[in-house]
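Working through the structure, step by step
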Amino acid sequence: MRMNRDALFLLIASFTFLLPINGDNSYHLQQMKSMRELRSSITSRRQLAAGDAPAPSPVSISPSPQMAQVGDSPRVYDVTSYGADPTGGRDSTDAFSTVLSDLVKGPNSGTMLKDIKNFGGAQINLAGGNYLISKPLRFPSGGVGNVVIVGGSLRASDDFPTDGYLIDLSSKSSSDYDYEYITLRDLMLDSNFRGGGIFLNDAVRITIDNCYVTHFTTDGISVNGGHETLIRNTFIGQHITAGGDPDERKFSGTGIALNGNDNAVTDVVIFSAAVGVMITGQANILTGVHCYNKASGFGGTGIYVKLPGLSQTRIVNSYMDFTGITVEDPVQLTISDTFFLGGAYVVFKSVKGVAKGVSVVNNMFSGSGGDTVRLEGEFNEIDGVLVDGNSVNGGMNLKATVARGSTSANGTSWTVDFNSELLFPNRISHAQYSLVSSTAGAFPRHALRNVTGNVVVVESDAPVTASVFAAVSQ
């Protein structure tokens, strides 16, 4: 069989490629390159001989300057490609508005909750820039779900509206929920003492993670309606300070305002604000929250639960640093495993005088004076309130709803005064006592005669030398 010239070239080249030269790998690599070039040349000559046009080279389609495409989804929007200035030298509001508008016009795959579109994890990337913003950043419409905004800083301009928020997840739709599964991550928000940082309205399953919110005059983060917002690993402060600020008395605003249900605040530090966390919605939980926003002595409050008659709030494993917790008419409230430093304390504030289903247990208090738990106003409807198992270091007075005491005397009457220990005045619901006589041969009859004014009185029918041990609860 005859072999044409091209096939012969291929055979020779292949044979040559198989011959090692002193084990030199670079030689083999060079031979492989030569083989590819030879084969390409032969193929081209055959096509020309047959009258065929050369195969077109693959066309590389670059993404538009506005959007980097990673497969079909998710999409990543680089705000600098839209003209946003990462140096903060000029206003980037229009660029961000265009990004938000383009995103909601983009492809989505079905719905999440009713009327909310799933945008597949589309990401707005701030690319580590510092952007000047003159208007709140809003999506042009509601119904947005599964979107991430990440990685940069926003700063309000000097003409930013004082009632606005840098990021505003609200709309005018009539739906039950406007946004679902939006993630705000790795952001620094500087409100420049004009308005607030983040506003959520009728949003569900929102995550605010690893953010730093500062220089607000209203709220650092405001959650209105909706539920299941997670705020975690975040730092919030009206003024940038690490404590001991000479202007602490002037701190104003609220770090976090929770006017919604079923939210969680976890591992958050609030270092300057008049109120650290204001809670006006039920079924919220705060864990690992450190408040040193404004000392109680200067009029500050770390956590304020403003839900008289139905608190349904849990505050656990937190740190109240010179600022305390105030709860109006507490009903279904837990405060546990929390450290109160610098004389910080818990206040139950009467609105209608109701306190039910309350547990303040296993906390540590440290300070030079005052009661650990205090009452403002009169409470007359009390049930299932347990304040117990707490510890104190320093000169603070440990208050509780259960107490034990004893006294010894010779006579017919023994008195144990519990006013310094018990939380509620003139209220002993249950009392038990034991009388131990040390008078030989004496077996007096004795009885509990009175518990009025938080004072236990035990009397006997004959004088003896005895000790009385009493245990009471409210």
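The structure presented is a predicted model; accordingly, all values stated were derived computationally and were not measured.

**Notes on a negative patch on the surface**
- The grouping of D91, D94, D158 and D159 at the surface amounts to a negative patch.
- Along the chain, D158 turns up in the loop between β5 (144–156) and β6 (165–169).

**Some words on the nonpolar core**
- If you look at the biggest cluster of nonpolar residues, it comprises 82 residues, and the most contacted ones within it are L154, I256, I303 and F348.
- Sequence-distant contacts of I256, that is, excluding residues within four places in its chain, are made with I221, I231, I236, V265, V268, I270, G276, V277 and M278.
- Ranked by size, the runner-up nonpolar core spans 14 residues in total, among them W414, V456, A466 and V468.

**Here's the deal with helix α3 (residues 93–105)**
- Relative to the 18 Å expected for 13 residues at 1.5 Å per residue, α3 spans 19 Å between its end C-alpha atoms, a close match to the ideal helical length.
- What α3 keeps buried is the set T93, A95, F96, V99, L100, S101, L103 and V104.

**Considerations on unusual backbone geometry**
- You will see that H215, though not glycine, has its phi angle at about 60°, which is positive.
- Among the secondary structure elements, H215 is positioned in the loop between β11 (212–214) and β12 (219–227).
- Look at Q332: it is not a glycine, yet its phi comes out positive at around 60°.
- Among the secondary structure elements, Q332 is positioned in strand β23 (residues 331–336).

**What about the pattern of salt bridges?**
- Counting across every chain of the model gives 10 salt bridges.
- Its salt-bridge partner being R205, residue E228 comes within 2.9 Å of it at the nearest N-O pair. Note that E228 is positioned in the loop between β12 and β13 (230–237) and R205 in the loop between β9 (203–204) and β10 (207–209), a separation of 23 residues in sequence.
- Judged by relative accessible area, R205 falls into the partly exposed class, the value being 35%.
- Here K356 makes a salt bridge to E381, at a shortest N to O gap of 2.7 Å. Taken as a pair, K356 in strand β26 (residues 354–361) and E381 in strand β29 (residues 381–388) lie far apart in primary sequence, 25 residues in all.
- Looking at E381, the relative accessible area reads 36%, which means it is partly exposed.

**Some details on the packing of aromatic side chains**
- Applying the stated criterion across every chain, the model contains eight aromatic pairs.
- Relative to F365, the ring of F340 has its centre 4.5 Å away and its plane inclined at 10°; by these criteria the two rings are stacked. Here F340, found in strand β24 (residues 339–341), pairs with F365, found in strand β27 (residues 364–367); they are 25 residues apart in sequence, far enough to count as distant. One exposure class covers both F340 and F365, and it is buried.
- Pairwise contacts between aromatic rings join Y212, F235 and F271 into one cluster.

About the criteria used
Residues numbered from 1 in each chain as written. Predicted model: local features only at pLDDT ≥ 70, side-chain atom pairs only at ≥ 80, totals over all residues. Heavy atoms only, no water. Patch = residues over 30% accessible without salt bridge, like charges linked within 9 Å, V, L, I, M, F, W, Y side chains within 5 Å. Areas by Shrake-Rupley, 256 points an atom, 1.4 Å probe, with all protein chains shown as cover. Salt bridge = Lys/Arg side-chain N within 4 Å of Asp/Glu carboxyl O. Lys, Arg positive; Asp, Glu negative; His and termini not counted. Charge placed at Lys NZ, Arg CZ, Asp CG, Glu CD. Helix = DSSP H or I, 4+ residues; strand = E, 2+ residues; numbered from the N terminus. Core = buried A, V, L, I, M, F, W, Y, C linked by side-chain atoms within 4.5 Å. Buried < 20%, exposed > 50% of the residue type's maximum accessible area, 1.4 Å probe, protein only. Contact = heavy atoms within 4.5 Å. Expected span 1.5 Å × (residues − 1). Phe/Tyr/Trp six-rings, centres within 6.5 Å; stacked < 30°, edge-to-face > 60°.

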